[in-house]
Structures are given as structure tokens and as C-alpha cells.
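Structural overview
Residue-level listing of the chains:
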Amino acid sequence: MKKKGYCIAIAGATGVVGHEFLKILEERGFPVGELRLLASERSAGTTLEFKGKKEPVRNLDEETFKGVDIGLFSPGAPVSAVYAPKAGKAGCIVVDNTSQFRMDPDVPLVVPEVNPEAIAQYKKKNIIANPNCSTIQMVVALKPIHDAFRIKRIVVSTYQSVSGAGKEAMEELSDQIKALYNMREPEAKIFPHRIAFNCLPQIDSFLPNGYTKEEMKMVNETHKIFDDPSIKVTATTVRVPVFVGHSESVNVETERPITPEAVKKLLKKAPGVTVVDDPKNGLYPMPVDAAGQDDTFVGRIRRDETVPNGINMWIVSDNLRKGAALNAVQIAELLVRDYI
Ligand code: NAP
Ligand code: 3JN
């Protein structure tokens, strides 16, 4: 017998991803019985609204997971490293938004439109990992292309909004814009340089190979989700002064002959994808239109004229929704439908 309502804990509830979790659970009518909102000591005692009711925020500690069915986690990787395994051992299935467990062979890395069957592997640790936002929107758009034409190589450059770096990063962009308009020197605390009216070719820290961690997340996570380490993936990730919505320029090379028309036809029926591709009328995906939406938007689909089987495209999605909270809630929906 299915439960009428599930006990849901949100770890990192006061953050930008946490807020999105609350909105999406409510919008989608997720069967929430009891709700436990968890954050750091700083927020303990504050409240957040869910379905028109003020709910208290508590400090995240070990005791909080007794009796919890599903934990939606976004408290940062070091906090997930400590509390996700404890929650899992207490019987709570954790859907973790951080990078902490993504490459753990005992933890499935899931995008419901791409590899929903991987969820079945959650029982070893009671943890399911949500991929990085930039990976999610790319694989949602590429899955039908990979199935039909076998992708050999992906070259991606991202244009990532500041909300990907959390609430303080969003404040930093607005403070810098205000400072510049008032002829004051903008202060950079979260980002390594000024982000207002600028682009930073650095997201996360640099690795010895010259790539950033964000870039290598896109490479490694794509291999795991497609269960195909033979696909060549290379990424450049860039922070841009946009509040919400990540954009990506993606070039793919396939084994089989491919045409823009065939790609458009496939993507028009792909789950979670909307094609916006009418360049004659100036129509293509943009973050201002994708923000607040659930789908991944694809446009500028055209032949790569430098190789026999190549396509260029432009992929945009709301990084806080499909890139984080929505993907995790969709996983929770599958858990409730098929597993618990
Ligand atoms: P944020 O706006 O800065 O919020 C961070 C949240 O974590 C807040 O609720 C904060 O609580 C809580 N927190 C921080 N330290 C804690 C501690 N020691 N114990 C308990 N809670 C703690 O950040 P965000 O953008 O929501 O992102 C949070 C994390 O989600 C990121 O670090 C990342 O791992 C993950 N994330 C993933 C994606 C993705 O691509 N899938 C996208 C964005 C973020 P207080 O308000 O009390 O400080
Ligand atoms: O910067 C972005 O646009 C996405 C950022 C994601 C992020 C931010 C801080 C820590 C992550 C992530 O999801 O990979 C992490 C992390 O968990 O390592």
C-alpha cells in the first residue's frame, strides 16, 4: 500500500536550490506528509513558507533523519559528505545535489529523461546523486541524438548564470552593478574577479590538467550517465553576468550521418525538450525566457560544415530548476511511483 504522504527533509532549505525545492514540491503536488526544513545554525529558528504555511527551519543534525522517507540535499558537498551517509543509514533515501557522491560507483547518477533505470542501484548507500546543472541540460538534449546517431565527440562551452554559485553570488552581481552605476569600486568576494559586465572563464578551482573542476564534472558525469566512457568530451565553462539560466554552445560529432532536420524532428518529440529555432524571425533560446521554466530549450541547430557528421546547437535551461531542484524532485517522483 502506498503512503498518502511522505516525510520529506530538505537539507540546505534556506539556499537558492532549497527555495526552488519548496516551490517545485508545491507546484507539482508532490505527496508531502511531514516536511523537515534543515540548514545551518545560522538559520535555525527562522521560517520558510510551504503551501501558505510558515514552516520552521532547524539545524541539520544526525537526529533529524529518523522517520524521513526522502532527503532532498543541497547543503554543499562537505556537509553532504557527513550527513548523507548518516541519513541513508537511518533509512532515508537521499537525493543529493552536490558533487560529493556523483562519481561513487555505488551511487547512481540520474537524469530521469536519460537514465531512469539507474535509480534501481540506490540501495547500496540509499543515496542517488543529481548531476551538475551544466551536465543535466546537455544530456537531456543529447540523449535522443546519441540513441539515433551515436555521439563520438562533444565540444561544449558554457555561459553560466551567477545563481549557480548560490545566494551570495547573486547578491554580489547586484551589488557590483549598483556600485558601478554609483561610480564606486565594485567588490569581488565570491567570484575571483568582477562579474558585473564581465565574463570569467573560471568556474570552481583549476586542476593540474589546466581544466577547472566544473569542466571535468561535465566530462566525467556525461560518461557515467550515458554509461559510455568512449565518448570524447571537452568543456570550457564560463561565468556570465546573468542571474538565472545557463546557456551552452554544443558541437557534436556522430558516427552515423546526421542532418539538422533529423535532429529537430527528434528533439521536437524528446521529453523535457522544447525546440526554439526560427532564426529568420530572431527566435532562439535565451536565459531570460528559460528562467522559471521546466524544459531545456534548444535552438541554432545547424550543420558543422567542417566535418562529415557534425551538428552545432545552443542549449538553455533554468539551472536552479532542471539543473538542480526539478531534476531531484523528478527522481523523488520516480522513487514514490516505482520503489517505495
Ligand atoms: P546557497 O544559496 O549558498 O545555500 C546553501 C545552503 O546550505 C543554505 O541553506 C545553507 O544554510 C546550507 N548550509 C551551509 N552550510 C551548512 C551546514 N554546515 N549545515 C547545514 N546547512 C548548511 O547555495 P545553493 O546554490 O543553494 O547550493 C547549495 C549546494 O547545492 C552547492 O554547494 C552545490 O553543492 C549544490 N548545487 C548543485 C547544483 C547542481 O548543479 N546540481 C547547482 C547549484 C548548487 P544557511 O542559510 O543557514 O547558511
Ligand atoms: O556554478 C554553477 O553554475 C554550478 C555550481 C555547482 C556547484 C557549486 C558549488 C559546489 C557544485 C556542483 O553542483 O557541482 C558544487 C559541488 O557540489 O561541488
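Per-chain numbering applies: the sequence of each chain, read as written, is numbered from 1 onward. Working convention: letters from A go to chains and numbers from 1 go to ligands, in the order in which they are written. For this predicted model, a pLDDT threshold of at least 70 governs which residues receive local features, and a threshold of 80 or more governs which side-chain atom pairs are given and counted, while totals over whole chains, interfaces and linings are taken from all residues. The basis for every side-chain value is the complete set of non-hydrogen atoms in the structure, without hydrogens or water.

**Re the nonpolar core**
In this structure, Leu142, Ile145, Ile154, Val250, Leu267 and Met313 are the most contacted members of the largest nonpolar core, which totals 51 residues. Numbering of helices and strands runs from the N terminus; a helix is a DSSP stretch of H or I covering at least four residues, while a strand is a stretch of E covering at least two. Counting residues per element, this core draws most heavily on helix H3 (residues 133-149), which supplies eight residues. Note on definitions: a residue-residue contact is assigned when non-hydrogen atoms from the two residues lie within 4.5 Å. Residue contacts for Ile145: discarding those within four places in its chain leaves Arg150, Ile151, Thr254, Ile258, Val263, Leu266, Leu267 and Met313. In this structure, Ile8, Ile93, Ala169 and Ala324 belong to the second largest nonpolar core, which totals 46 residues. Think of a nonpolar core as a cluster: buried Ala, Val, Leu, Ile, Met, Phe, Trp, Tyr and Cys residues, connected wherever their side-chain atoms sit within 4.5 Å. Throughout this description, buried means an accessible area under 20% of the type-specific maximum (1.4 Å probe, protein chains only), exposed means over 50%, and partly exposed covers the range between.

**Considerations on the site of ligand 1**
In the region of ligand 1, 25 residues are neighbours, and Thr14, Ser40, Ser43, Cys133 and Lys167 sit closest. Take Gly15: an N or O atom from its main chain is 3.0 Å from an oxygen atom of ligand 1. At 3.0 Å from an oxygen atom of ligand 1 is found a main-chain nitrogen or oxygen belonging to Val17. Only the protein chains shown count as cover for residues, and the accessible areas themselves come from Shrake-Rupley with a 1.4 Å probe. Considered on its own, ligand 1 offers 920 Å² of accessible surface; in the complex 80% of this is hidden by protein. We place a 1 Å grid over just the protein atoms. Points where a 1.4 Å probe fits but has no way out form a cavity, open points with protein on both sides within 12 Å along at least 5 of 7 lines form a pocket, and any residue with an atom within 4 Å of a point lines it. Assignment to a cavity or pocket requires that more than half of a molecule's atoms be within 2 Å of the site's grid points. A molecule is said to occupy a pocket when more than half its atoms come within 2 Å of that pocket's grid points, and by this definition ligand 1 occupies the largest pocket. Nearness of a residue to a molecule or strand requires only that one of the residue's heavy atoms be within 4 Å of it. Under the rule applied, a polar contact is a pair of N or O atoms within 3.5 Å (in protein, one hydrogen donor and one hydrogen acceptor; residues adjacent in sequence only if both atoms are side-chain atoms).

**Focus on the side chain of Thr254**
Inspection of the secondary structure puts Thr254 in strand E10 (residues 246-254). Assessed through its relative accessible area of 1%, Thr254 is described here as buried. At a separation of 2.8 Å, a polar atom in the side chain of Thr254 contacts the main-chain carbonyl oxygen of Arg256. When residues no more than four places from it in sequence are discounted, the contact partners of Thr254 are Ile145, Phe149, Arg150, Ile151, Lys152 and Asn309.

**A word on the site of ligand 2**
Ser99, Arg102, Gln160, Lys217 and Arg239 are the nearest of the 14 residues found near ligand 2. Here Asn132 contributes a side-chain N or O atom positioned 3.3 Å from an oxygen atom of ligand 2. Gly164 places a polar main-chain atom, nitrogen or oxygen, 3.5 Å from an oxygen atom of ligand 2. Out of a free accessible area of 420 Å², ligand 2 has 74% covered by protein chains. When atoms are counted within 2 Å of each cavity's grid points, the one that captures over half of ligand 2 is the largest pocket.

**Considerations on helix H2 (residues 77-89)**
Taking 1.5 Å as the rise per residue, H2 with 13 residues should run 18 Å; its terminal C-alpha atoms sit 18 Å apart, in good agreement. What is called the bend at a residue is the angle between a pair of axes, fitted to the seven residues leading up to and ending at it and to the seven starting from it. The largest bend along H2 measures about 30 degrees and falls at Tyr83, with the proline Pro85 one to four residues further on. By the burial criterion, the buried members of H2 are Ala77, Ser80, Ala84, Ala87 and Gly88. Considering only its buried residues, H2 is in contact with strand E5 (70-73), strand E6 (93-96) and strand E7 (127-129). Here, expected helix span is obtained from the residue count minus one, scaled by 1.5 Å.

**Digging into the pairing of E5**
The two faces of E5 match: Ile70 and Leu72 on one face and Gly71 and Phe73 on the other face are all buried. Any two strands are treated as partners once DSSP identifies two or more bridges connecting them. The pairing of strand E1 (residues 6-11) with E5 spans four bridges and is parallel. What sits directly across from Ala9, in E5, is Gly71. Pairing of E5 with E6, which is carried by four bridges, proceeds in the parallel orientation. Residue pairing for E6: Gly71 is matched across the bridge by Val94. If you view a crossover with the strands going away from you and the path from the first strand over the helix to the second runs clockwise, you call it right-handed. Chirality of the crossover, the property in question, places the unit of E5, H2 and E6 among those that are right-handed.

**As for the pattern of salt bridges**
Opposite charge on two side chains makes pairing possible when the charged atoms of those side chains draw close. The rule for a salt bridge is simple: a side-chain nitrogen of Lys or Arg has to be within 4 Å of a carboxyl oxygen of Asp or Glu. This model, assessed by the stated rule, comprises 21 salt bridges. Note that Asp175 and Lys178 form a salt bridge whose closest N and O atoms lie 3.9 Å from each other. Remark: Lys178 and Asp175 occur in helix H4 (residues 167-181); sequence separation between them is three residues, near one turn of the helix. You can call Lys178 partly exposed: its relative accessible area is 49%. The partner of Lys217 in a salt bridge is Asp204, with the nearest N and O atoms 3.4 Å apart. With Lys217 in helix H5 (residues 213-226) and Asp204 in the loop between H4 and H5, the pair connects residues that are 13 residues apart, well separated along the chain. Each of Glu20, Lys23, Glu27, Arg28, Asp294, Arg321 and Glu333 takes part in salt bridges that share partners, so that together they form one network.

**Here's the deal with the environment of Asp304**
Looking at where Asp304 falls in the secondary structure, it is placed in the loop between strand E12 (296-303) and strand E13 (310-317). Separated by 279 residues in the primary sequence, Asp304 and Leu25 place their C-alpha atoms 41 Å from one another. In this structure Asp304 touches Asn251, Gly310, Ile311 and Asn312, once residues within four positions along its chain are discounted. Here Asn251 takes part through its side chain, which lies 2.9 Å from a polar atom of the side chain of Asp304.

**Focus on the packing of aromatic side chains**
Think of it this way: a Phe, Tyr or Trp ring, Trp meaning its six-membered ring, pairs with another when their centres are within 6.5 Å, and the plane angle makes it stacked under 30 degrees, edge-to-face over 60, tilted otherwise. Evaluated as defined, the whole model comprises four aromatic pairs. Taken together, a centroid distance of 6.2 Å and an interplanar angle of 90 degrees make the contact between Tyr181 and Phe197 edge-to-face. Here Tyr181, found in helix H4, pairs with Phe197, found in the loop between H4 and H5; they are 16 residues apart in sequence, far enough to count as distant. Residue Tyr181 shares its accessibility class with Phe197, and that shared class is exposed.

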